[in-house]
Amino acid sequence: MKKSPLAATFRSMRHFNYRVWAAGSLVSNIGTWVQRTAQDWLVFAELTHHDASAVGTVMALQFAPQLLLLPWTGYAADRFNQRKLLIATQATMGGLSLALGALTVLGIVQLWHVYIFAFLFGSAAALDAPVRQTFVAELVGDENLSNAVALNSTSFNVARMVGPAVSGVVIAAIGTGWAFLINGVSFVAVLVSLAFLRVDQLRSNARVIRARGNFVEGLRYVRSRADLRAMLLMLFLIGTFGLNFPIFISAMAVGIFHADAAGYGLLSSMMAIGTITGALLNAGREKVRFQGLPVGAGVFGIGCTLAAFAPGYWLFAAALIVTGIAALTFTNTTNSLMQLSTAPAMRGRVMALRVSIALGGTPIGAPIVGWVADHYGPRWALGIGAASGFAAAIVGLYATMRQARRERTDDDMQPTPDRPGL
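Residues numbered from 1 in each chain as written. Predicted model: local features only at pLDDT ≥ 70, side-chain atom pairs only at ≥ 80, totals over all residues. Heavy atoms only, no water.

Caption draft 1: Structural detail: helix 2 (residues 16-46). Compared with an ideal rise of 1.5 Å per residue, which puts 31 residues at 45 Å, helix 2 spans 44 Å between its outermost C-alpha atoms and is within 8% of the ideal. The buried count for helix 2 comes to 22 of 31 residues, which makes it a mostly enclosed element. (Helix = DSSP H or I, 4+ residues; strand = E, 2+ residues; numbered from the N terminus. Expected span 1.5 Å × (residues − 1). Buried < 20%, exposed > 50% of the residue type's maximum accessible area, 1.4 Å probe, protein only.)

Caption draft 2: View of a nonpolar patch on the surface. Side chains of L68, W112, I116, F119 and L120 sit close together on the surface and give an oily, nonpolar patch of about 480 Å² of accessible area. In terms of residues, the nonpolar patch owes the most to one element, helix 7 (residues 111-140), which gives four residues. Structurally, F119 is set in helix 7. (Patch = residues over 30% accessible without salt bridge, like charges linked within 9 Å, V, L, I, M, F, W, Y side chains within 5 Å. Areas by Shrake-Rupley, 256 points an atom, 1.4 Å probe, with all protein chains shown as cover. Salt bridge = Lys/Arg side-chain N within 4 Å of Asp/Glu carboxyl O.)

Caption draft 3: Highlighting the packing of aromatic side chains. Counted under the stated rule, the structure contains eight aromatic pairs. Taking 5.6 Å as the distance between ring centres and 70 degrees as the angle between the ring planes, the aromatic pair formed by W21 and F135 counts as edge-to-face. One end of the pair, W21, is in helix 2; the other, F135, is in helix 7, with 114 residues separating them in the sequence. Both rings, one in F245 and one in F248, keep their centres 5.2 Å apart while their planes meet at 85 degrees; by these two values the pair is edge-to-face. Taken together, the positions of F245 and F248, both in helix 12 (residues 245-256) and three residues apart, correspond to about one turn of that helix. F248 carries the same exposure label as F245, and that label is buried. One aromatic cluster is present, built from ring pairs that chain together F257, Y313, W314 and F316. (Phe/Tyr/Trp six-rings, centres within 6.5 Å; stacked < 30°, edge-to-face > 60°.)

Caption draft 4: Broad picture of the side chain of H15. Relative to the assigned elements, H15 resides in the loop between helix 1 (5-9) and helix 2. For H15, the residues in contact, after removing those within four places along its chain, are L139, V140, N144 and R203. (Contact = heavy atoms within 4.5 Å.)

Caption draft 5: Looking closely at the domain arrangement of the protein chain. We note that the domain assignment places domain 1 (12-205) and domain 2 (213-408) within the protein chain. Centre-to-centre separation of domain 1 and domain 2, based on C-alpha positions: 19 Å. Residue-level contacts link 47 residues of domain 1 with 54 residues of domain 2. Summed over the shared surface of domain 1 and domain 2, the result is zero salt bridges. Put simply, domain 1 and domain 2 have one residue pair in polar contact (both at pLDDT 80 or more) between them. Counting residues per element, the side of domain 1 that touches domain 2 draws most heavily on helix 8 (residues 145-173), at 16 residues. By residue class, the composition of the side of domain 1 that touches domain 2 is 26 nonpolar, 16 polar and five charged. (Domains from an automatic or database assignment. Polar contact = N/O pair within 3.5 Å; in protein donor to acceptor, adjacent residues only side chain to side chain. Nonpolar A, V, L, I, M, F, W, Y, C, P; charged D, E, K, R; others polar.)

Given below as structure tokens:
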């Protein structure tokens, strides 16, 4: 019997553990976006005089640990109990949020405080990310992995739509610091969900044995796979120069459209409408294919181009929706493809490399994009994002054509009645 489209889209929800995890994650994700929006606003509008470079520096410090800690984050995901590791990382991030919130509410926060907390939060997130991304396989198994990845993205982007709007209201009503405190409390939800999982139903993979060269082994594995190398290069281009929307949106909202905190939060929510749509479209697919990557990258470039030329607030918001759909199609496809095509014992290291490439390039790209926004205007900064999408699409098309040529060559080498094999 054929499944209905709705049942196919939400098939991972049949698993008790996934339902519990998804509920806790949704609450925590909303808190995360409340804080992200408040942090960007605090730096851009309260601690500096509309300094996009300072926002870029915060982003650089927050994502630099993805590269700095790479030799340990992937190994930890493959080596240790993932549920217990998630409890530790989530509790750490919650505590940091509460501490930053206290400093801000008390009125003693300074820019260097935000820099330090961004780095500490990023260090915990660097350890958390590969574990969280591979943990879904323990919840639902490989057969529903791509669907669970897409539903996770849907949750994250529902929060991305709700969180910034909530943050804008909170900032306007009671102050920026309370947004950080709200995020700190929201981590309780995911900690409770992890505590209530049915441990006997988790589908744990074999843990890697501790040995010298585990990290190098992961690099060699990726180096031997042309498809993984192409995906990582595409992720580097878009992650480094394209996914800098805290800079794009804050600079356009304030510098071009003269919006307040609520208007800025609404723009972030409009982009989330696009990312939710992209996530749900991906959740409904039975299979993911490499050919979707250059399409997603190309549409991302088009969306950034439309945003750069948008003459008004609402046309800019509409362009963000297009960009959000493309960004989620691209990132979700790389996530699913890299996990499903990777040996289970290597997933943590491969996904840590994926996260480090996708986010670890931010310390390079964010300051550059912020400097361009300050000196040439936010529209030129968006042009850099557009160029990254088009460049990634070219890489994907080249990899697709190269694979097609290889497959034709392999077919030509197959034995036939007229040309028997040796």
